[in-house]
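# Tertiary structure, described
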4 protein chains.
Amino acid sequence: MRRYPLLLIFLCCLFHTNSVHSQQLIRKEIHLPDIMGYQTLKCDLHIHTVFSDGHVWPDVRIWEAFREGLDAVAITDHLEYQPHKKYVDTVSNNAYELMKSTAEELNILLIKGVEVTRKMPPGHLNALFIENADLADDPDYEKTLQGLADQGAFIFWNHPGWIAQAKDGIRWYDEHTRLVEKNLIHGIEVGNYGEWYPEALGWCMEKNLTLSCNSDIHEPSDIYREYAGVKHRLVTLVFARERTLESIREALLDHRTAGWFEDTLMGQEKWLNELFLQSVTLSKPFNEMDRERFYYLSNSSDVSYTLHIENEADKSLAPERIFMPANSTILLSVKGQKGSVVPVSYIVENCFIRGRENLKITWNL
Amino acid sequence: MRRYPLLLIFLCCLFHTNSVHSQQLIRKEIHLPDIMGYQTLKCDLHIHTVFSDGHVWPDVRIWEAFREGLDAVAITDHLEYQPHKKYVDTVSNNAYELMKSTAEELNILLIKGVEVTRKMPPGHLNALFIENADLADDPDYEKTLQGLADQGAFIFWNHPGWIAQAKDGIRWYDEHTRLVEKNLIHGIEVGNYGEWYPEALGWCMEKNLTLSCNSDIHEPSDIYREYAGVKHRLVTLVFARERTLESIREALLDHRTAGWFEDTLMGQEKWLNELFLQSVTLSKPFNEMDRERFYYLSNSSDVSYTLHIENEADKSLAPERIFMPANSTILLSVKGQKGSVVPVSYIVENCFIRGRENLKITWNL
Amino acid sequence: MRRYPLLLIFLCCLFHTNSVHSQQLIRKEIHLPDIMGYQTLKCDLHIHTVFSDGHVWPDVRIWEAFREGLDAVAITDHLEYQPHKKYVDTVSNNAYELMKSTAEELNILLIKGVEVTRKMPPGHLNALFIENADLADDPDYEKTLQGLADQGAFIFWNHPGWIAQAKDGIRWYDEHTRLVEKNLIHGIEVGNYGEWYPEALGWCMEKNLTLSCNSDIHEPSDIYREYAGVKHRLVTLVFARERTLESIREALLDHRTAGWFEDTLMGQEKWLNELFLQSVTLSKPFNEMDRERFYYLSNSSDVSYTLHIENEADKSLAPERIFMPANSTILLSVKGQKGSVVPVSYIVENCFIRGRENLKITWNL
Amino acid sequence: MRRYPLLLIFLCCLFHTNSVHSQQLIRKEIHLPDIMGYQTLKCDLHIHTVFSDGHVWPDVRIWEAFREGLDAVAITDHLEYQPHKKYVDTVSNNAYELMKSTAEELNILLIKGVEVTRKMPPGHLNALFIENADLADDPDYEKTLQGLADQGAFIFWNHPGWIAQAKDGIRWYDEHTRLVEKNLIHGIEVGNYGEWYPEALGWCMEKNLTLSCNSDIHEPSDIYREYAGVKHRLVTLVFARERTLESIREALLDHRTAGWFEDTLMGQEKWLNELFLQSVTLSKPFNEMDRERFYYLSNSSDVSYTLHIENEADKSLAPERIFMPANSTILLSVKGQKGSVVPVSYIVENCFIRGRENLKITWNL
């Protein structure tokens, strides 16, 4: 049967329609799986508002977090650079106070923090889970950090490869060694704004520091993404026992994090391996013809994965390269006798477990 | 020249880049949940190819089914109208034969069928699970249907409200009564191409017939959607024990189906109720202030739901109208003393369980 | 840390890619044609910042204007309602001062204004092209308006149908008559945020007042659109001799404006007629067969038009309804002897020239 | 004023809405400018249908051409490879005959052609503007080509770098020299399906042959794009005096063509230079501060341009790299004394005028 083109029907009681539609915020969840008994909380641990050099009122950060599927944000305005000071009362606890009720209403976990903004070394550092941001102003950065640590802060070194503070390349200073030894640095921000730093990923692994990956957002979110050239905000994945502030803090101290930067994941092998295996499902083989069989390979996550085969010898058996778009299923064709299943290893090009070293996974194909 | 699906080529170095990217079909799964111990198979039980009056070679229908997340399609070319006869060998089993190997390779279940294309009454009817389509040509439609039934066919009446055969409105004829009595009609196509028929939904419920909802596609899929004015192909949801042809057949005979037309679902109350409850999740309340509390309402399905409150009296308590976009979470605000949970009923405007009667659901809010 | 707009970075070689892409604002021009020797300037004459009850720093409004293809914005914070007063120095000229250099850099025309925010009547009014916003605080609204008029202000009544001030429906008060007589109201905001008021369009035409149509934006632009339920910001089209502030002022005083609300255009017949005719192009007829011929109908504007035929008698000749999607071409089929061209009139359902009266256009088909 | 979230309004006379929307094909014009007094016709000179090894009925190719903004297509089924022969009457003129009336109705210019499908050398060749495709079957390829030339054919060598016929790399054979000398090859297909061949672009320029760039489409268009990994179909731009078949033929013989492959343009310098200059508009400078001024740089075409500055010395003056997204405006910042305009040259990385040599353009900045 053929349906013939009918006319447009647009019945909106036209003469009475002068207003429109839904008027509510819509949240798009981030599809990244829970792993190993933990909830995978999506967190942005570095954000700014008009109370430092940002361009939005604090409540906007909560609206954005809700819409973008975040579980938690840390407010990290700084005291040292306050270009709006002429107009805004920049006491640093203000932004937190102004976000609190909106955060509660929209069920976003809000972490009180401050960015300590100093010359390199040691550069900028975020202190989270603090009591009072306004105490972060001692000209001696070590005293400032010690004061924040005394408040119970979790502290990480921000954007170590930021060109403005790393003109000759990213570099680990003696000062950082000292701060780590004094337990005044607990982590490193491996991804920031629109870039990430493989060297810093290496340092996290070598020195047993916690990785984070954050937007450092100053603008409204859509403008941030245009400036940063990213499709989604950078996210720190926190593997937490519960969706609570206390669980986030515990997870950070226990190094249970990974970073999500565009389609790149970075973090300890055990986390990335599980994220991959919980995201990507290999079906049973079907249509097992003489010497070829097929699988559905389904990726239920928001990350697109790119793989290449590890061993030259396996290329005659399985695809040399595999591209698995986010939230999609593809067909995998494997050669070989029916039933003759063998392990085949792939390098996951967009997952980094140590500097520029990639995750490796193995399927029985 | 024919280009065969190759592997991903991602040559970055500019001077060697003269070809591009991924070369594979990508499947987007349809997000509608399994219910009540059944798999929710997404099926299109009415499609055409060049072997009747369609515009594509049979294998295209399998590629499209894979890409669009279908589990099964029925090939239902007809013998009576064959405009390409001058050029194409229109023996009706040909299309099925030409689809089979592609269906196996892409793991799409392929149902052999035929459309019996007669004047109204009885109009057009699809016979599925047949052996030989070429026997469907007896000028006496009843003999044709009996012959197909003898082959074991499941038979349904197509597009009963199609304007070309229902100029004065949709109508149930005595002939249909007779065919039902003789067990030669087992179902009705309630949705077709770009429209659906509430009256036909009513008949399914009254007469205990199986509902189906299909594309009746003739064109390539993107052109079909433009002509039909739909965002996705019409789908028959089949609640099957397994993802097999036999399970589909058994489910059809047992009336375990629903129809999916844009954001409209139609079918028995028990199925729609479960589809809704498995798609839409109400969180625990949070931020329970003095006399207001909030919930996350998460819709993990591809259907956007529109609800209005049933009882006038509840409007002071809970939202009068709720719009839940597909694959999204919204915030629900409820008034009332902390802990004073009461049942609140909503009419689901886009779910039809009998003619124009809507599904009703109740939440403890 | 603040990221400054850098140049495009496009590092292909995988092992050195840890940052991304373009870092610049991208402007999408609005496609609505110049008409009758005037430039069609796209203006938003009603916006807010943190300096009244808005949620963004003033420069964001210029970034948004650039990105969304606007030519001009008016900053219209108010003195009467200042919820951020505890934190922000809400002297009303501040926002203007803070926007000026960004506006110059991005070539956005910036109009200094103020919103006078009073109870109904007279409700809220915007005064544009003022010198000093801080003089808008006399408790006697008439004195305030007179003071602004003395500064040379162009004044219009905002959102007359806003439910919070028009609970029993939109209404013209004696106070408005008096203000018009005293030359203290020059126009009416017919569209605002996510709604528009046909009655107010009627008043503009009857009383010879200037129509405007504005966002009244408080949030970042993407969140505004989600709350308002609109796909694009509301825009006042100003038909100006030049792209200058003075030309805008002159055009406003001369009633050379129209409103753009989703796919709805509202304004004087002469403007809408020309906007339509410059947007929609009818090709020469082709394929003139015996009694049918075809045309391309091309819509080069961002507005989708919906038409229905005026005269019953013409339905046998030309399509009863026409839907022309934005930036698209469709095929028009017309019956009739070759060469027998006749005028056919259509009602343009989405163009309003007086209250709910639609534009009519005629083609020789 | 703040508009409070209202409820969804979705008035569709719900109980009467069971069908949907527009039912027509929608054409999206390709935005590439006319140049030098010629119309820039968008042509695909290489397509297939079920009458060779394609997967769609011939009329689909016209629907697709209309929707995708093409002006002309050439039907180029081949005689040598006919996998559907068992079912389809593959006389090669059939496809053309079946497309003709749809082409006339949708105003698409239809070129009758045939693909001569031989081993390399000479590989595959398309002959356009022929009378009878069925004469293209002489086993001696030269005789076949001579016969087609005698019909008045314009002949070009297809996909010279296709891996299946160029396993050791793209190569010019003596046979091609002979065919050119005998006037049996007039052009080369520099782009095909999902790849293009810089060497072939060089040959076009050296040997004064006409460049073409075509889809070689076999599947429905959306599936073709997925397989080929392209966002739009490959297009031959023909600079023609009129939108007629005769003008296309004349333009092809006069080498007035360019190729459009994703964001890559390839062709003679004079064409690409004009395409660029007619697409990209530099505004007058504004905001000329002490030592910096700004321009709007507007790209009204569907091609995104990527430029880098030619001379090291100019980097202190103007941006080193410029990325101009399709259909967008960006801001250009230039240093230097007010009024001190100097010529600055840029290499256009996505425009190729000879092998891998890029177009260069110069602006007075």
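Everything quoted here is computed from the prediction, not taken from an experiment.

## Quick look at helix α3 (residues 141-150) of chain A
Residues and elements named next belong to chain A. Among the residues of α3, those classed as buried are Tyr141, Glu142, Thr144, Leu145 and Leu148. Down the axis, α3 shows its buried residues gathered within 160° of arc, on one side only. More than 90 degrees from the buried face of α3, the exposed residues found are Lys143 and Asp150. Of the residues that open α3, the one with a side-chain oxygen 2.9 Å from the backbone nitrogen of Glu142 is Asp140. One or two positions beyond α3, positive phi appears at Gly152, with a value near 100°.

## Digging into the packing of aromatic side chains
All chains considered together, the criterion is met by 72 aromatic pairs over all chains. Ring centres of Phe51(C) and Trp57(C) lie 5.4 Å apart, and the angle between their planes is 55°; on these two criteria the pair is classed as tilted. The exposure classification of Phe51(C) matches that of Trp57(C), with both residues buried. Here Tyr193(C) and Tyr224(C) contribute two aromatic rings whose centre-to-centre distance is 5.1 Å and whose plane-to-plane angle is 75°, an arrangement assigned as edge-to-face. Linking Tyr193(C) in the loop between β6 (187-192) and β7 (195-196) with Tyr224(C) in helix α6 (residues 221-228), this pair joins segments that are 31 residues apart in sequence. Of the two residues, Tyr193(C) and Tyr224(C), both sit in the buried class. Every member of this aromatic cluster is reached through a ring pair, and the members are Phe66(A), Phe286(B), Phe294(B) and Tyr296(B). Against the face of Trp172(B) rests Lys207(B), its NZ or CZ located 4.2 Å from the ring centre.

## Some remarks on the domain arrangement of chain A
Residues and elements named next belong to chain A. Entries for chain A in the domain assignment read domain 1 (27-267) and domain 2 (281-364). One C-alpha centre belongs to domain 1, the other to domain 2, and the line joining them spans 35 Å. Counting residues at the interface gives 16 residues for domain 1, matched by 14 residues for domain 2. Both faces considered, domain 1 and domain 2 share a buried interface measuring about 1200 Å² in area, 53% of it formed by carbon and sulfur atoms. The three residues of domain 1 that bury the most area against domain 2 are His31, Asp263 and Leu265, which together make up 42% of that side's buried surface. Summed over the shared surface of domain 1 and domain 2, the result is one salt bridge. Note that Arg356 and Glu199 form a salt bridge whose closest N and O atoms lie 3.5 Å from each other. One can count six residue pairs in polar contact (both at pLDDT 80 or more) joining domain 1 with domain 2. Of all the secondary-structure elements, those providing two or more residues to the side of domain 1 that touches domain 2 are α5 (198-207) and β11 (264-267). If one sorts the elements of the side of domain 1 that touches domain 2 by residue count, α5 sits on top with five residues. Residue composition of the side of domain 1 that touches domain 2, grouped by class: nine nonpolar, four polar and three charged.

## Here we look at the relation of the copies chain A and chain C
Expressed as a screw operation, the relation of chain A to chain C combines 0.0 Å of axial shift with a rotation of 180°, fitting to an RMSD of 0.0 Å. Considering both components of the superposition, the chain copies are consistent with a two-fold axis. With an isologous cut-off of 70% or more, the 75% of interface residues of chain A that recur at the interface of chain C puts this contact in the isologous class.

## A look at the interface of chain A and chain C
With 59 residues of chain A at the contact, the number on the chain C side is 54 residues. Summed over the shared surface of chain A and chain C, the number is four salt bridges. Between Glu226(C) and Arg67(A) there is a salt bridge; the shortest N-O distance is 2.9 Å. Seen at the junction of chain A and chain C, the total is twelve residue pairs in polar contact (both at pLDDT 80 or more). Residues belonging to the side of chain A that touches chain C are distributed by class as follows: 28 nonpolar, 18 polar and 13 charged.

## Observations concerning unusual backbone geometry
Residues and elements named next belong to chain B. A cis geometry characterises the amide bond from Met120 onward to Pro121, with omega recorded as -15°. Mapped onto the elements, Pro121 comes out in the loop between β3 (109-117) and β4 (124-128). Despite not being glycine, Met36 has its phi angle at roughly 50°, a positive value. Mapped onto the elements of the fold, Met36 is located in the segment before β1 (39-47). Residue classification places Met36 among the partly exposed residues on the basis of a relative accessible area of 45%. If you check the backbone angles, Phe129 has positive phi at about 60° while not being a glycine. In this fold, Phe129 is placed in the loop between β4 and α3 (141-150).

## Points about the pattern of salt bridges
Under the criterion given, the structure shown has 92 salt bridges over all chains. For the salt bridge of Arg233(C) with Glu64(C), the shortest nitrogen-to-oxygen distance reads 3.7 Å. Here Arg233(C) is found in the loop between α6 and β9 (235-240), whereas its partner Glu64(C) is found in helix α1 (residues 58-67), with 169 residues between them in sequence. Residue Arg233(C) shares its accessibility class with Glu64(C), and that shared class is buried. Where salt bridges share partners, they join Asp44(A), Arg61(A), Glu64(A), Glu68(A), Arg225(A) and Arg233(A) into one cluster.

## Notes on the environment of Thr76(B)
All names here are of chain B. One can find Thr76 in the loop between β2 (72-75) and α2 (93-106). C-alpha separation for the pair Thr76 and Ser92, spaced 16 residues apart in sequence, amounts to 8.7 Å. In contact with Thr76, other than residues within four places in its own chain, are Leu45, His46, Ile47, His48, Gly113, Val114, Glu115, Asn126 and Leu128. Only 3.0 Å separates the side chain of Thr76 from the backbone oxygen of Ile47, close enough to count as a polar contact.

## Here we look at the packing of helix α1 (residues 58-67) of chain B against α2(B)
Residue and element names in this part refer to chain B. With their axes 7 Å apart at the nearest point, α1 and α2 run at an angle of 30° to one another. Compared by their axis directions, α1 and α2 come out roughly parallel. Considering the relative orientation of α1 and α2, their crossing is right-handed. Here Pro58, Asp59, Arg61, Ile62, Trp63 and Phe66 of α1 lie close against α2, whose contacting residues are Ala95, Leu98, Met99, Thr102, Ala103 and Leu106.

## A short note on the state of the cysteines
All names here are of chain B. Applying the stated rule across the entire model yields zero disulfides over all chains. In this structure Cys204 is not part of a disulfide, and its nearest cysteine sulfur, from Cys213, lies 11 Å away. Residue classification places Cys213 among the buried positions, given a relative accessible area of 0%.

Cut-offs and rules
Residues numbered from 1 in each chain as written. Chains lettered and ligands numbered in written order. Predicted model: local features only at pLDDT ≥ 70, side-chain atom pairs only at ≥ 80, totals over all residues. Heavy atoms only, no water. Buried < 20%, exposed > 50% of the residue type's maximum accessible area, 1.4 Å probe, protein only. Helix = DSSP H or I, 4+ residues; strand = E, 2+ residues; numbered from the N terminus. Arc of directions from axis to C-beta. Polar contact = N/O pair within 3.5 Å; in protein donor to acceptor, adjacent residues only side chain to side chain. Phe/Tyr/Trp six-rings, centres within 6.5 Å; stacked < 30°, edge-to-face > 60°. Lys NZ or Arg CZ within 6 Å of the ring centre and 35° of its normal. Domains from an automatic or database assignment. Contact = heavy atoms within 4.5 Å. Buried area = accessible area lost by both parts, 1.4 Å probe. Salt bridge = Lys/Arg side-chain N within 4 Å of Asp/Glu carboxyl O. Nonpolar A, V, L, I, M, F, W, Y, C, P; charged D, E, K, R; others polar. Least-squares fit on C-alpha atoms with pLDDT ≥ 70 in both. Axes fitted to C-alpha atoms, helices over the stretch in contact; angles between N-to-C directions. Parallel < 35°, antiparallel > 145°, perpendicular 65-115°, else oblique. Left-handed = near helix turned anticlockwise from the far one by under 90°. Disulfide = S-S within 2.5 Å.

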